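Structural characterization, general
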Amino acid sequence: MIMLLFLIGKAIAEVAESQFHAKMMSSIFYYLDMLQTIFYHIQSVDARDFIMGLSSTTPVSETTQLCVFDLRRGQHEGQELDKILFFFPADCPFSKQLSVIGLSEGLITFTRIFSPEAACDVIEAEKHSHVFYEAEPDIWMVMVVEKNKEAEAIWRIDALRKVLKEVHSLFVTFHGSVRLLLEKDLNGGLVRAHLYSFITDYIIDFFAGKKLQLPFFRDCLKERGTVQMLTIGREAAIGVQSLVRAIESSCGTNAACSSLILFQDLLVSTTLSPVRFDFIAQDDTVNLFTYAVLRLTPRALSSKTSSWSYLRKDNPSSQITAESILTNTGSESKDFYTLRDVSPDSQSQRYHVPRPLQRDRWSKGKDGFLVTDIWGADFDTVVSTTPTLWLKQTEEKVYLYVYQQKNVTVIILVPISSLAEQGISMVKQQLLENVSLKILLIEEKLTRGWGGENAYHVAGYRYLLFDSNKNMSRASPPGKVATLAKESLLALKKLREEVDLEKSRTKKDNPSHEKDLEVCIRANNNSWVIARVTRGKELYMVLEKASETLLYASDAVEKFSNRYCDRAFSLD
């Protein structure tokens, strides 16, 4: 079966490169027949056990698989393992890893015949969903998730794909591109060490106890890959602008430094130039905001739970660790990573890999700056090395400083090229002298004007407002969303899937055209589930206490749009 998949992919590629004639058509029909056989095996019980190696009673963490592979590697017989760059679960036998990746490669190669610019996005089998994402040219990420016992997918495919996009984008922010790491070490050991530690630390946040809980239908009123802004008054805005100017003047470098200011888990200000969220790259602001919410804000520092799922009730005593997942890597410590390389002629190698997503590695110092030893330390002074990361838009490496005053977190990025290592302490001292008092005053103003966790709650509504042009979203508070009935959330999940599908079709037909949509659904529990899409803005809403008439539900949306969305979704 494994070799069959590789042979199919290779044969189809050869056919695709030939001229279009009768022989090619007959070959395509031949491979279609073979592909039909593959799909039959996918949906059969025997093949399901073959591909997944699991039974229906296996915990969620074992019925989900995530892999990263390189289509350019392992093209010769006996070297198939070389294409595997990452696989979760890490202790999955190589035969099963090759089964998943071989099937994925065959499907990618086959679908490229008919859609060279965009290969397959998702394959829906009877018991599993296979989600595809081409993170970089020929670098693919695939997630395989099991459907529930009723054979109904509780996942929204686009939400799962955004998980893959997010982890790759964060990876590039801290380590650079996967392809670049492969070029530095042709055996692939370096990139595998980085991927295994980074992705494992990332998915730890999705564990509830010992089970993996990916975003599902209860997360449909959240949008990954966006920032949530804090609404502030004129006086506070002036104070924030003054603080930003003080930060820039305190860096004292030839190149301009950048900054992000957060209040709790909400973005207040950013000086990073915006970049439209698309297939190629995410906005640097989105990446830094995401990382701050995951690991740097006061809530992240004090909480052992994930910031992504508001329904997750973690038991700290039963939390799984990254080291317990990496059972086949031989990890010897929190800083050094020993990899069992899959290259034919390689042996175990030991790499020093910074793990920026590792939990409980950031803490607040006496001077207000957050400190970490993730990036190592100077052996002579025992002083932690200053954290660094890559900015995608400017393609430059920067130092990362984080200052925190109660609910306010200030992220400062200084280009490495403009600052010597010995100048780091001087910059920190200047920041303390020039901006610490301003930060204190801003924190007091923002706290006085903050309405609490329900500040953006609108009585009677459960909503998600999403602007794809600005990468911004606002939603009902998690506690309010948790009150919705399961029937309402399932109906919303199906509605969002239909919108995702329609948007995908429109983008493929005419990438420059944005289609307006309006959909209203009456759920089984008589709640109204509504979607409106216009000019890059999307509004999703659930009304459980609305009248039975569609006119009432439509009027409720109009009132919301007029009051909170600057009439962006109004029909008149």
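Residues numbered from 1 in each chain as written. Predicted model: local features only at pLDDT ≥ 70, side-chain atom pairs only at ≥ 80, totals over all residues. Heavy atoms only, no water.

When its secondary structure is counted, the chain shows 15 helices and 21 strands. Summing over all exposed atoms, the chain offers an accessible surface of approximately 26,400 Å²; the carbon and sulfur share of this is 52%. (Helix = DSSP H or I, 4+ residues; strand = E, 2+ residues; numbered from the N terminus. Areas by Shrake-Rupley, 256 points an atom, 1.4 Å probe, with all protein chains shown as cover.)

Moving on, we get to the sheet that holds strand S21 (residues 537-543). Strand order across the open sheet formed by 5 strands is S18-S17-S21-S20-S19, with antiparallel pairing between neighbours. Taken across any chain shown, the strands that pair with only one partner, and hence form the sheet edges, are strand S18 (472-475) and strand S19 (517-522). Strand-to-strand twist across the sheet, computed as the mean angle between neighbouring axes with direction ignored, equals 5°. Judged from the 6 bridges that link them, S19 and strand S20 (residues 528-534) form a sheet pairing that is antiparallel. (Pairing = 2+ DSSP bridges. Axes fitted to C-alpha atoms, helices over the stretch in contact; angles between N-to-C directions.)

Time to look at the nonpolar core. Among the nonpolar cores identified, the biggest contains 106 residues, and Met143, Leu195, Trp362, Ile411 and Leu413 are the most heavily contacted of them. With 9 residues, the single largest contributor to this core is helix H7 (residues 189-203). One finds Ala236, Ile439, Tyr456 and Ile530 within the second-largest nonpolar core, a separate group that totals 45 residues. (Core = buried A, V, L, I, M, F, W, Y, C linked by side-chain atoms within 4.5 Å. Buried < 20%, exposed > 50% of the residue type's maximum accessible area, 1.4 Å probe, protein only.)

We now examine the pattern of salt bridges. Taken as a whole and judged by the stated rule, the model has 27 salt bridges. Residue Arg224 is joined to Glu166 by a salt bridge in which the shortest nitrogen-to-oxygen separation is 2.9 Å. Of this pair, Arg224 sits in the loop between strand S7 (211-212) and helix H8 (234-251) while Glu166 sits in helix H5 (residues 157-175), and the two are 58 residues apart along the sequence. The residues Arg224 and Glu166 share a single accessibility class, namely buried. In this structure, a network of salt bridges that share partners links the residues Arg72, Arg112, Glu134 and Asp138. (Salt bridge = Lys/Arg side-chain N within 4 Å of Asp/Glu carboxyl O.)

Now for the state of the cysteines. In protein structure, a disulfide is the covalent linkage between the sulfur atoms of two cysteines. Under the criterion given, the structure shown has 0 disulfides. Unpaired in this structure, Cys67 has its nearest cysteine sulfur neighbour in Cys92, at a distance of 10.0 Å. (Disulfide = S-S within 2.5 Å.)

Bringing helix H14 (residues 486-509) into the picture now. Given a rise of 1.5 Å per residue, 24 residues ought to cover 34 Å, and the 35 Å separating the end C-alpha atoms of H14 matches this to within 8%. Here H14 has its buried residues at Ser488, Leu489, Leu490, Ala491, Leu492, Lys493, Leu495, Arg496, Val499, Asp500 and Thr506. (Expected span 1.5 Å × (residues − 1).)

Phi is mostly negative for residues that are not glycine, and the peptide bonds are mostly trans. Cis geometry is found at the peptide bond from Phe88 to Pro89, where omega equals 5°. Along the chain, Pro89 falls in the loop between strand S2 (84-88) and helix H4 (94-114). Positive phi is not limited to glycine here, since Asn526 has a value of about 70°. Within the element layout of this structure, Asn526 appears in the loop between S19 and S20.

What follows deals with the sheet that holds strand S1 (residues 64-70). Pairing is antiparallel in the open sheet, where 5 strands are placed in the order S2-S1-S5-S4-S3. Because the sheet does not close on itself, it has two edges, and the strands there are S2 and strand S3 (122-124). Across the sheet, the axes of successive neighbouring strands diverge by a mean angle of 10°, strand direction being ignored. Pairing analysis gives 7 bridges linking S1 to strand S5 (residues 139-146), with the strands arranged antiparallel. Looking at the pairing, Thr64 lines up with Val145 of S5. Contacts between H5 and the sheet are confined to S1, S3, strand S4 (128-136) and S5, with S4 contributing the most and set at about 30° to the helix. Each of S1 and S2 touches H7; the most contacted strand, S2, lies at about 25° to it. (Contact = heavy atoms within 4.5 Å.)

On to the confidence of the model for the chain. On average, residues of the chain score 80 in pLDDT, and 76% of them reach the 70 mark or higher. Across residues 1-26, where pLDDT falls below 50, the model places 38 contacts with residues more than four positions away in sequence or in other chains. Confidence drops under a pLDDT of 50 for residues 338-346, and excluding neighbours within four residues, the segment shows 33 contacts in the predicted structure. (pLDDT = per-residue confidence, 0-100.)

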